[in-house]
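Summary of the model geometry
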Amino acid sequence: IIKERDDVANILPLWQSYEHWIINIGLLKTKNISLQHEKINLEDDLNVAEFWMNYLSEKASFDLLNYSIENLGTLYFSSIGDINDLFVRLEQYWVRRHNHEKNREGSCTPEDYYWDTLIWAIFTLTLFYIPTEQLNDILKPEPVCDWLNIERQDIWSETLQLSVYQGFLKCCLTTLVRTNYLMYPNVKLIQIFLILYNTTLSYDSPTLTNNMIVQCIQTAKMFNLTNFKLYTTDDTAIGISKQIFSKIWYKLCLIDYLQTSPAKCIECHTEIPSLFQFASVYAASGANVYQNNDSFEMICWKVISIDRDLERTSDSTQRPLLKTIDAAKRELEILNGLTKKEKKMKEVSANSSFETFILKLLINSVRWKIEKMYLIYYQTANSLEMLIYYTRTIIRLLVENINNHHLIFN
């Protein structure tokens with residue numbers, strides 16, 4: 001029982017520290033791995049991958065790709081240059097598969113394996129999100145039941161869908177190993193990782209995720225993806241490439257920040273300075289570290305960068321400056337205005353609605369965190385009421401998705 005106001009001032013900061021070290025770091029970003037008990041059999045992995053490749057028919061693969069483009073594009077369009085190219089690459093994939101069935105010769109170059117992996121990353125993403133009702137129209141569950149040696153069922157359950165998703169993920173990662181990506185680096189490695197991060201990869205395998213981030217950073221530097229400043233001498237092709245590079249880089253930095261933990265010592269998100277530093281120092285010098293127009297990926301990063309500036313106080317014994325919290329609040333208001341502007345400029349579709357939901361969720365979540373800091377460190381008069389308000393706002397966003405038949409967003 002807290003009796004004195006001084007007790008509140010001493011105890012509430014423990015909440016902030018507990019959330020950071022126990023919930024965030026301890027439960028989500030660390031995982032013990034037994035090197036003595038884990039068994040590795042590459043032949044078994046290849047056999048498992050071969051089963052899932054044989055299970056997925058050509059028609060089903062195009063149906064999955066169509067569904068993902070129509071409903072999940074927000075999660076990976078920024079990682080892909082030309083979306084139409086995916087259909088061409090999927091056709092080429094099936095040519096290689098048919099040749100493999102006839103001549104027992106499959107993909108033979110790292111480039112082929114990279115494309116195979118990228119396509120399977122999209123399949124894996126789709127299997128993770130697609131509702132069982134739509135899945136019933138695309139895939140048959142009976143072969144999976146036989147493979148898992150369980151009782152046959154003629155419609156999909158969420159448990160069985162999860163098993164297929166895990167099988168697809170294993171198939172995708174096995175194919176990635178076959179690219180020999182350490183010897184043959186390729187930008188597609190970053191694209192594959194950005195797609196798979198939208199699944200449970202980071203929670204199931206935090207060490208693998210951290211290692212892939214490091215490799216992606218190295219690859220991005222190698223191919224100069226961080227140099228996307230537009231010049232008047234750039235032709236149309238170079239301009240489009242730089243726009244893609246910027247989206248890939250901002251998304252990689254966003255993920256790099258989200259994975260920050262004592263187990264990951266190599267970072268790239270720190271190369272982009274704080275929005276507060278940008279406003280005070282970089283703007284005064286005329287420099288622009290955010291060199292492209294505001295895109296969905298850049299706005300997401302800007303919101304997350306404010307979260308980053310606030311989180312730096314979570315493991316600190318010092319109370320954050322009030323002007324820092326106030327500055328974060330002002331920047332969020334500006335970004336909220338940009339979000340509304342972006343929404344008006346886009347046609348209403350499943351993907352644009354998904355983008356709007358993600359931006360609202362991010363902005364309100366960071367706003368919630370700001371009110372929590374007001375409450376913890378300064379006990380301002382209306383901080384508790386505002387904390388409750390933003391809690392209800394976030395819940396309302398989730399309920400609206402259900403009412404608007406967008407449960408997949410949740």
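Attention now moves to the pattern of salt bridges. The final tally for this structure, using the stated rule, is 16 salt bridges. Between Asp307 and Lys369 there is a salt bridge, and its shortest N-O distance comes to 2.6 Å. Taken together, the residues Asp307 in helix 14 (residues 296-311) and Lys369 in helix 16 (residues 350-378) connect sequence positions 62 residues apart. We classify Lys369 as buried; its relative accessible area is 13%. Residues joined by salt bridges that share partners form a network here, namely Arg96, Asp112 and Asp116.

Within the largest apolar cluster, 104 residues are counted, with the highest numbers of intra-cluster contacts made by Trp52, Trp120, Phe168 and Phe193. Residue contributions to this core peak at eleven residues, all from helix 16. When near neighbours in sequence (up to four residues on either side) are disregarded, Phe168 contacts Trp52, Tyr55, Leu56, Leu64, Trp120, Phe123, Thr124 and Leu127.

Turning our eyes to something else, we now look at the state of the cysteines. For the structure shown, the criterion picks out zero disulfides. Considering cysteine sulfurs only, Cys268 is the nearest to Cys253, which forms no disulfide, with 3.9 Å between them. The class for Cys253 is buried, based on a relative accessible area of 0%. The closest cysteine sulfur to the non-disulfide-bonded Cys265 is located on Cys268, 14 Å from its own sulfur. For Cys265, a relative accessible area of 71% gives the class exposed.

Moving on, we come to unusual backbone geometry. Negative phi is the rule for most residues except glycine; trans is the rule for most peptide bonds. One non-glycine residue, Asn149, adopts positive backbone phi at about 60 degrees. Locating Asn149 in the fold gives a position in the loop between helix 7 (142-148) and helix 8 (158-178). With phi around 45 degrees, Gln379 is a residue other than glycine that occupies positive phi space. Relative accessible area serves as the criterion here: at 21%, Gln379 is assigned to the partly exposed category.

Structurally, Trp52 is set in helix 2 (residues 42-55). A residue is classified by how much of its surface remains accessible, and Trp52, at 3% relative accessible area, is buried. Taking the C-alpha atoms as reference, Trp52 lies 9.4 Å from Lys170; in sequence the two are 118 residues apart. Aside from chain neighbours lying at most four places away, what touches Trp52 is Trp120, Val144, Trp147, Ser163, Val164, Gly167, Phe168 and Cys171.

Now for the layout of surface pockets. Its volume calculated, the second largest pocket comes out at about 1200 Å³. Lining the second largest pocket are 30 residues, with Ile40, Asp45, Lys170, Leu173 and Leu208 positioned closest to its centre. Breaking the lining of the second largest pocket down by element, the ones donating at least two residues are helix 2, helix 8, helix 10 (201-204) and helix 11 (206-222). Across the lining of the second largest pocket, the residue classes break down as 14 nonpolar, eight polar and eight charged.

To continue, consider the packing of helix 3 (residues 58-71) against helix 16. How two helices pack is summed up by the angle between their axes together with the distance between the axes. At their nearest, the axes of helix 3 and helix 16 sit 6 Å apart, and the two run at 50 degrees to each other. Here helix 3 is positioned oblique relative to helix 16, judged by the angle of their axes. For the pair helix 3 and helix 16, the contacting residues are Ile69, Glu70 and Asn71 in the first and Ala350, Asn351 and Phe354 in the second. Looking at the contact of helix 3 with helix 16, its residues break down into three nonpolar, two polar and one charged.

Turning our eyes to something else, we now look at the side chain of Thr74. The topology assignment puts Thr74 in the loop between helix 3 and helix 4 (84-103). From its side chain, Thr74 meets the backbone oxygen of Asn351 in a polar contact 2.7 Å long.

This brings us to the packing of helix 3 against helix 4. For the pair helix 3 and helix 4, the least separation of the axes is 11 Å and the interaxial angle reads 160 degrees. Relative to helix 4, helix 3 is oriented roughly antiparallel. Relative to helix 4, the crossing made by helix 3 is right-handed. Contacts between helix 3 and helix 4 involve Glu58, Ser61, Phe62, Leu65, Asn66 and Ile69 on the former and, on the latter, Leu86, Phe87, Leu90, Glu91, Trp94 and His98. Residue composition of the contact of helix 3 with helix 4, by class: seven nonpolar, three polar and two charged.

Cut-offs applied
- Residues numbered from 1 in each chain as written.
- Predicted model: local features only at pLDDT ≥ 70, side-chain atom pairs only at ≥ 80, totals over all residues.
- Heavy atoms only, no water.
- Salt bridge = Lys/Arg side-chain N within 4 Å of Asp/Glu carboxyl O.
- Helix = DSSP H or I, 4+ residues; strand = E, 2+ residues; numbered from the N terminus.
- Buried < 20%, exposed > 50% of the residue type's maximum accessible area, 1.4 Å probe, protein only.
- Core = buried A, V, L, I, M, F, W, Y, C linked by side-chain atoms within 4.5 Å.
- Contact = heavy atoms within 4.5 Å.
- Disulfide = S-S within 2.5 Å.
- 1 Å grid on protein atoms, 1.4 Å probe; cavity = no way out; pocket = protein on both sides within 12 Å on 5 of 7 lines; lining within 4 Å.
- Points joined across faces, edges and corners; volume = space filled by probe spheres on them.
- Nonpolar A, V, L, I, M, F, W, Y, C, P; charged D, E, K, R; others polar.
- Axes fitted to C-alpha atoms, helices over the stretch in contact; angles between N-to-C directions.
- Parallel < 35°, antiparallel > 145°, perpendicular 65-115°, else oblique.
- Polar contact = N/O pair within 3.5 Å; in protein donor to acceptor, adjacent residues only side chain to side chain.
- Left-handed = near helix turned anticlockwise from the far one by under 90°.

No statement about biological role is implied by the geometric values presented.
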